[in-house]
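One-letter residues, chain by chain:
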Amino acid sequence: MNRHVLITGSSGFVGSNLIDFLQQKNFSVIGLDCCPSKFVEPNYFIKTDIRDKNTLREILKEYKPCAVFHLAAISTIQRGQTNPQDTWSVNFGGTRALLDAVNFAGLNNTKIFFASTDKVYGVLPTGADSYTEEMPLCPINISPYDCSKAAADQLVQTANNTYVLRFCNLYGPYDTNKSRIVPATIITLLDNRANRIYGGASQRAILNRYKDKDGVVRDFYRDMLYIDDLCKALANLVNKTLETNLPEKIFNFGVGTPNSMKDVITKINIFMGNVTRPPKVNIVPTTNELIRQSVNSSRAQNFLNFCPTTSLDDGLRQTIEWWKNIIKTDKWW
């Protein structure tokens, strides 16, 4: 059996971790990204832009992968706000280019796994404590990231042999994005600076739902999934879909219990021995962040035996140790 798996965005956070797990399952990984990873090496690496249709067609025709993980994206709300045109071009246009290239190469049996996000759901409906796959997509309409991912999510659903994977907030080794809470806090403490949470939502209706008694929005709440738990599930998902056709094509991945971001930062402070400087939380109204998010992963549990085993405390400790080791090397600088 062909054991080639193509990963777009292979040098990113999820891609770097997924390479390790797929190689352990005896898959040969073809990595595609704008630049090589500092941390892990796929079996083959192609430097290209996800929007380059001709290169995509050549790669797919040459390797004929049995599966494709489409992770390439502008993956933060902040970058989406800074450059909305590129965000739409990469997140939606790149997805369309990949689907077209798979079709052009005649890969009728290749499984395509699209990395979506819980942000496609938008604000949790009144009375709901978590997102389910049946909920309509209703992203914040002033966030290019949220909207472009939702559009790509729906596009993927129109193609054959595709699976939509909606992730909650992920954390763990290989994530060096300073705009994300966990790496930003760890880097801040390693640099011995005061740390703050920055984020927020500019829509008054969203803010009003999460105000304290004094009218101030104080915190964010996120479903936090350790990257190893996700990658184990994704590696198993490839094998399962190659063996049988799953009746479901959309899966949420999370732990189902939202965590206070202030508490997450406090834990990192404690685990790094910084108990005398409590974190400060600032809400910045221009970043269009949802205040509360949590996903229901019952479908992934039922069909994929998805069962996260890493506690938040253990995951944060492992992430901190990775940072302490990597910051001493030239891979970080």
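Here the structure is a predicted model, which means the values were calculated and not measured. (Residues numbered from 1 in each chain as written. Predicted model: local features only at pLDDT ≥ 70, side-chain atom pairs only at ≥ 80, totals over all residues. Heavy atoms only, no water.)

The helix and strand inventory of the chain stands at eleven helices and twelve strands. Across the chain, the fraction of contacts at a sequence separation of at least 24, relative to all contacts at a separation of at least 6, is 77%. When the accessible surface of the chain is split by element, carbon and sulfur atoms take 47% of a total near 14,900 Å². (Helix = DSSP H or I, 4+ residues; strand = E, 2+ residues; numbered from the N terminus. Contact = heavy atoms within 4.5 Å. Areas by Shrake-Rupley, 256 points an atom, 1.4 Å probe, with all protein chains shown as cover.)

With the rule as written, the count across this model stands at 13 aromatic pairs. The interplanar angle of 70° and the centroid separation of 5.3 Å between the aromatic rings of F39 and W322 together place this pair among those described as edge-to-face. Within this pair, whereas F39 is found in the loop between β2 (28-33) and β3 (44-47), its partner W322 is found in helix α11 (residues 312-326), the two being separated by 283 residues in sequence. Accessibility classification places F39 together with W322 in one group, the buried group. (Phe/Tyr/Trp six-rings, centres within 6.5 Å; stacked < 30°, edge-to-face > 60°. Buried < 20%, exposed > 50% of the residue type's maximum accessible area, 1.4 Å probe, protein only.)

On to the sheet that holds strand β11 (residues 258-260). Across the sheet, which stays open at both edges, the three strands sit in the order β7-β9-β11 with mixed pairing between neighbours. Two strands close off the open sheet at either side, each with one partner strand: β7 (169-171) and β11. Pairs of neighbouring strands in the sheet enclose a mean axial angle of 55°, with direction left out of account. Where β7 and strand β9 (residues 221-226) come together, three bridges link them in parallel fashion. Bridged to Y171 within β9 is Y226. (Pairing = 2+ DSSP bridges. Axes fitted to C-alpha atoms, helices over the stretch in contact; angles between N-to-C directions.)

Glancing now at the packing of helix α6 (residues 181-190) against α11. Interaxial distance between α6 and α11 falls to 11 Å at its minimum, and their mutual angle equals 50°. Accordingly, the angle class assigned to the pair α6 and α11 is oblique. Crossing geometry of α6 relative to α11 is assigned as right-handed. From α6, V182, P183, I186, I187 and L190 reach across to α11, where they touch L316, T319, I320, W323 and K324. (Parallel < 35°, antiparallel > 145°, perpendicular 65-115°, else oblique. Left-handed = near helix turned anticlockwise from the far one by under 90°.)

Mean pLDDT over the chain works out to 88, with 86% of the residues at or above the 70 mark. The low-confidence segment residues 197-212, where pLDDT is below 50, has 51 contacts with residues more than four positions distant or belonging to other chains. (pLDDT = per-residue confidence, 0-100.)

The next point concerns the sheet that holds strand β5 (residues 111-117). Read across the open sheet, the seven strands follow the order β3-β2-β1-β4-β5-β6-β10; overall the sheet is parallel. For this open sheet the edge positions go to β3 and β10 (250-253), each flanked by a neighbour on one side alone. Across this sheet, the average inter-strand angle for adjacent strands is 20°, counted without regard to direction. Pairing geometry for strand β1 (residues 4-8) and strand β4 (residues 67-70), over four bridges, is parallel. Residue pairing in the sheet places V5 in a bridge with A67 of β4. Together, β5, β6 (162-167) and β10 form the strand contacts of helix α5 (residues 144-157), whose direction differs from that of β5 by roughly 155°.

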